[in-house]
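What the coordinates show
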Amino acid sequence: IIMQVNSGFLDFAHNWLLSLRQSLRDKAPHNILFIAEDLHAFACLEAVVPGHAILPPFPVPKRSSAFNHATKAFNGIVGQRPVLVHQLLLQGFNVL
């Protein structure tokens, strides 16, 4: 499972992770990867799920806010997704 997250959506990511852990009966999920879209999100995610957060292969801001669907920021992240998935495949990750 791959999830892109920035600081503005950390609460959503944490809630999603709690739901996932409950469905796994409090076992740590092993097949998830968070792509942190800013440095603050990366630090927060690493603290909660060490080894399951990465930064994209391009510069990211220190912190970014939530944004709405169909905005320039949203379209930019969605447009980067194929590049990110390709990079993950090159690193040996399996992506369905």
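What comes next concerns the included structure. Given the structure is predicted, the values throughout are model-derived calculations rather than measurements.

Attention shifts here to the packing of helix H1 (residues 10–23) against helix H2 (residues 39–48). Axis separation between H1 and H2 bottoms out at 11 Å; the angle between their running directions is 20°. The angle between H1 and H2 places the two elements in the roughly parallel class. Considering only the axes of H1 and H2, their crossing is right-handed. Here Leu10, His14, Leu17 and Arg21 of H1 come into contact with H2, specifically with His40, Ala41, Cys44, Leu45 and Val48. A breakdown of the residues in the contact of H1 with H2 according to their chemical character gives six nonpolar, two polar and one charged.

Attention now goes to the sheet that holds strand S1 (residues 2–5). Overall, parallel pairing links the three strands, which are arranged S1-S2-S3 in an open sheet. The open sheet has two edge strands, S1 and strand S3 (53–54), and neither has a second partner. By the bridge criterion, four bridges tie S1 to strand S2 (residues 33–36) in an arrangement that is parallel. Bridging from a neighbouring strand, valine 5 pairs with alanine 36 of S2. Of the strands in this sheet, S1 and S2 are in contact with H1, which crosses S1 at around 150°. On top of the sheet, helix H3 (residues 72–90) reaches S1, S2 and S3; it is set at about 135° to S1, its chief contact.

The subject of this paragraph is the nonpolar core. Val5, Phe34 and Leu45 are the most contacted members of the largest nonpolar core, which totals 13 residues. Going through the elements one at a time, S1, H1, S2 and H2 are the ones with two or more residues in this core. When residues of this core are assigned to their parent elements, the largest contribution, four residues, is made by H1. Look past the residues within four positions of valine 5 in its chain and what remains in contact with it is Leu10, Ala13, Phe34, Ile35, Ala36, Glu37, Asp38, Ala41 and Leu45.

Definitions and limits used
- Residues numbered from 1 in each chain as written.
- Predicted model: local features only at pLDDT ≥ 70, side-chain atom pairs only at ≥ 80, totals over all residues.
- Heavy atoms only, no water.
- Axes fitted to C-alpha atoms, helices over the stretch in contact; angles between N-to-C directions.
- Helix = DSSP H or I, 4+ residues; strand = E, 2+ residues; numbered from the N terminus.
- Parallel < 35°, antiparallel > 145°, perpendicular 65-115°, else oblique.
- Left-handed = near helix turned anticlockwise from the far one by under 90°.
- Contact = heavy atoms within 4.5 Å.
- Nonpolar A, V, L, I, M, F, W, Y, C, P; charged D, E, K, R; others polar.
- Pairing = 2+ DSSP bridges.
- Core = buried A, V, L, I, M, F, W, Y, C linked by side-chain atoms within 4.5 Å.
- Buried < 20%, exposed > 50% of the residue type's maximum accessible area, 1.4 Å probe, protein only.

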